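Geometric and topological summary
Given next are the chains, with one letter for each unit.
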Amino acid sequence: MGFTERTGGVSASPYATLNLAAHVDDDPIAVRENRRRVLSAIGAEAFAGSLTTAEQVHGTTIARVTLDDAGRGADPLDGSGPIPGTDALWTTEPGVPLMLFFADCVPVVLVSESPRAIAVVHAGWRGALAGIVGDTVRALDAALDGATITAYIGPHIGECCYEVDPLLVSQFANMFVTIPRASDRLDLAAAVAEDLDRAGVSRERQWHLGICTAHNTDRFYSYRAEGRTGRHCAFALLEPRS
Ligand SMILES: [Zn+2]
């Protein structure tokens, strides 16, 4: 599993250079090559045809990816489109890379080593407030017997740069005790951490990268800081075992 940065790809400005999203009007041939490079970097180029993506809509739909769905949205120029209206993907199938796209929203990868399962979650403020990360943990728990889940929280817009309506912060404070009420800045990672904790993923099993996308536009895409831009990704893959 991992999170990408924006360097090392072939996309031109304003998507320079490793844009992985097919929905931002970048050249689809560049997106195809960038995705190939990411999979190649982890020795997973052989699974490119099974790469599965979702049409992220800031909703709360969680989809289990079966072999029937594998490859949805893999190729921006060909084949079936991404899984519609979904912001969290999970699977127990080896050889099926899951990939979601980000420019400020919180990427979360969930891993259960035994039984083996992976999930990738997209949590902007709507998803974080609705508890999509905790709900994905509960979906894995319900489907798997005795999963112990580790959570990896990737680069996203930090409290330092995420100025929002104080009314929104107040809504978060109603849901999460770690969010201070009177503020015009929102700490999405704090909400996600509490949501994970509540779903049974304790702080010892949470790994926070702690890098702000808006502060580091040389390394990451930031919708807030840049407007029209590309998307870095969070991905996960269960390697087939012989
Ligand atoms: Zn910042």
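Let me begin by describing the structure that accompanies this report. This is a predicted model, so every value here is computed, not measured. (Residues numbered from 1 in each chain as written. Predicted model: local features only at pLDDT ≥ 70, side-chain atom pairs only at ≥ 80, totals over all residues. Heavy atoms only, no water.)

Some thoughts on the overall build of the chain
Under the convention used in this document: Helix and strand definitions here come from DSSP, where helices need a minimum of 4 consecutive H or I residues and strands a minimum of 2 consecutive E residues; each element is numbered from the N-terminal end. Values of the radius of gyration come from C-alpha atoms, whereas the globule rule sets the reference at 2.2 Å times the count of residues to the power 0.38. This count recognises Lys and Arg as positive and Asp and Glu as negative, with His and chain-terminal groups excluded. To locate a charge, take NZ of a lysine, CZ of an arginine, CG of an aspartate or CD of a glutamate.
Per the secondary structure count, the chain includes six helices and nine strands. In summary, the chain has a C-alpha radius of gyration of 17 Å against a globular reference of 18 Å for 242 residues, a match within 12%. Along the first, second and third principal axes, the C-alpha atoms of the chain reach 50 × 45 × 30 Å. Averaging the positions of the 20 positive and the 30 negative side-chain charges in the chain gives two centres separated by 1 Å.

A few points about the coordination of the zinc ion
Convention followed: Only nitrogen, oxygen and sulfur atoms qualify as donors, and only when within 2.8 Å of the metal (3.2 Å in the case of Na, K and Ca); with water excluded, sites may look incomplete. Sites are called tetrahedral only when four donors show all angles between 85 and 135 degrees, square planar or octahedral only when four or six donors show opposite pairs over 155 degrees and all other angles between 65 and 115, and irregular in any remaining case. Note on classification: 1.4 Å probe, protein chains only; a residue is buried when its accessible area is under 20% of the maximum for its type, exposed when over 50%, partly exposed between these limits.
Coordination of the zinc ion by the protein is provided by Cys-160 (SG), Cys-161 (SG), Cys-212 (SG) and His-215 (ND1), with metal-donor distances spanning 2.0 to 2.3 Å. Bound by four donor atoms, the zinc ion shows angles of 96 to 122° at the metal and therefore tetrahedral coordination geometry. Sequence positions of the donors to the zinc ion reduce to the motif C-C-x50-C-x2-H. In this pair, Cys-160 sits in the loop between strand E7 (149-153) and helix H4 (166-175) while Cys-212 sits in the loop between strand E8 (206-208) and helix H6 (223-226), placing the two residues 52 residues apart along the sequence. For Cys-212, a relative accessible area of 8% corresponds to the buried category.

A short note on the pattern of salt bridges
Here is the rule we go by: Any Lys or Arg side-chain nitrogen located within 4 Å of an Asp or Glu carboxyl oxygen qualifies as a salt bridge.
Using the criterion set out here, one finds ten salt bridges in the structure. Between Arg-36 and Glu-33 there is a salt bridge, and its shortest N-O distance comes to 2.9 Å. Linking Arg-36 with Glu-33, this pair stays in helix H1 (residues 28-41), spanning three residues, or about one helical turn. Classification of Arg-36 by relative accessible area gives partly exposed; the value is 33%. Of the residues examined, Glu-33 reaches a relative accessible area of 22% and is grouped as partly exposed. A salt bridge links Arg-198 to Glu-194; its shortest N-O distance comes to 2.9 Å. Linking Arg-198 with Glu-194, this pair stays in helix H5 (residues 188-198), spanning four residues, or about one helical turn. By sharing partners, the salt bridges in this structure join Glu-33, Arg-36, Arg-37 and Glu-45 into a single network.

Side note on the pairing of strand E5 (residues 106-113)
Spelled out, the test is: Two strands qualify as a pair provided that DSSP identifies no fewer than 2 bridges between them.
Among the eight residues that make up E5, seven are buried, leaving the element largely enclosed by the rest of the structure. In this structure, E5 lies alongside strand E6 (residues 116-123), joined through eight bridges in antiparallel fashion. Pairing of Ser-112 across the sheet is with Ala-117, part of E6. Where E5 lies against E7, five bridges are found, and the strand directions are antiparallel. Its bridge partner lying in E7, Val-109 is registered against Tyr-152.

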